[in-house]
Amino acid sequence: MAERRVNVGWTEGLHARPASIFVRAATASGVPVTVSKADGSPVNAASMLAVLGLGAQGGEEIVLSSEADDSEAALDRLARLVAEGLDELPETV
């Protein structure tokens, strides 16, 4: 299983607009990805309700993971998106 631990770069956390950007990127990655708080249960990263339900705050650590064989690059892109708190999907997603 591939995994990335990253601190949420959006000051408002994974709330509304940032969560929407993250979910679209996770869906576009083409691999199944889960996300969790560092000490929590993983949820589907492609589910807006599940991601919002995490209640991840700005600066808080989250864990991105996937069991897909080709998930390393996808997790790297998602980790960058979250860490940098990007306002738009990067062209590489």
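Remember, predicted model here, so these are calculated numbers, not experimental data.

Undergrad: Now, about the packing of helix α1 (residues 17–28) against helix α3 (residues 72–84): what can you tell me, with residues and values included?
TA: Interhelical geometry of α1 versus α3 gives an angle of 170° and a closest axis separation of 10 Å. Regarding the angle of α1 to α3, the classification is roughly antiparallel. From α1, Ile 21, Phe 22, Ala 25 and Ala 26 reach across to α3, where they touch Leu 78, Leu 81 and Val 82. For the contact of α1 with α3, the residue count by class is seven nonpolar, no polar and no charged.

Undergrad: Describe the nonpolar core, and please don't skip the residues or the numbers.
TA: Membership of the largest hydrophobic core comes to 27 residues, with the highest contact counts inside it found for Phe 22, Val 35, Ile 62 and Leu 64. Broken down by secondary-structure element, the contributors of at least two residues to this core are β1 (2–7), α1, α2 (48–54), β4 (61–66) and α3. Setting aside residues no more than four positions away along its own chain, Val 35 makes contact with Phe 22, Ser 41, Pro 42, Val 43, Ala 45, Val 51, Leu 54, Ile 62, Val 63 and Leu 64.

Undergrad: Explain the pairing of β4 residue by residue, including any values.
TA: The element β4 is largely enclosed, with a buried count of five among its six residues. Where β1 meets β4, six bridges bridge the pair, whose relative direction is antiparallel. Across the sheet, residue Glu 3 finds its bridge partner in β4, namely Ser 65. Both strand β2 (residues 34–37) and β4 contribute to a ladder of four bridges, which runs antiparallel. Each residue of the ladder has a partner; that of Val 35, found in β4, is Leu 64.

Conventions we followed
- Residues numbered from 1 in each chain as written.
- Predicted model: local features only at pLDDT ≥ 70, side-chain atom pairs only at ≥ 80, totals over all residues.
- Heavy atoms only, no water.
- Axes fitted to C-alpha atoms, helices over the stretch in contact; angles between N-to-C directions.
- Helix = DSSP H or I, 4+ residues; strand = E, 2+ residues; numbered from the N terminus.
- Parallel < 35°, antiparallel > 145°, perpendicular 65-115°, else oblique.
- Contact = heavy atoms within 4.5 Å.
- Nonpolar A, V, L, I, M, F, W, Y, C, P; charged D, E, K, R; others polar.
- Core = buried A, V, L, I, M, F, W, Y, C linked by side-chain atoms within 4.5 Å.
- Buried < 20%, exposed > 50% of the residue type's maximum accessible area, 1.4 Å probe, protein only.
- Pairing = 2+ DSSP bridges.

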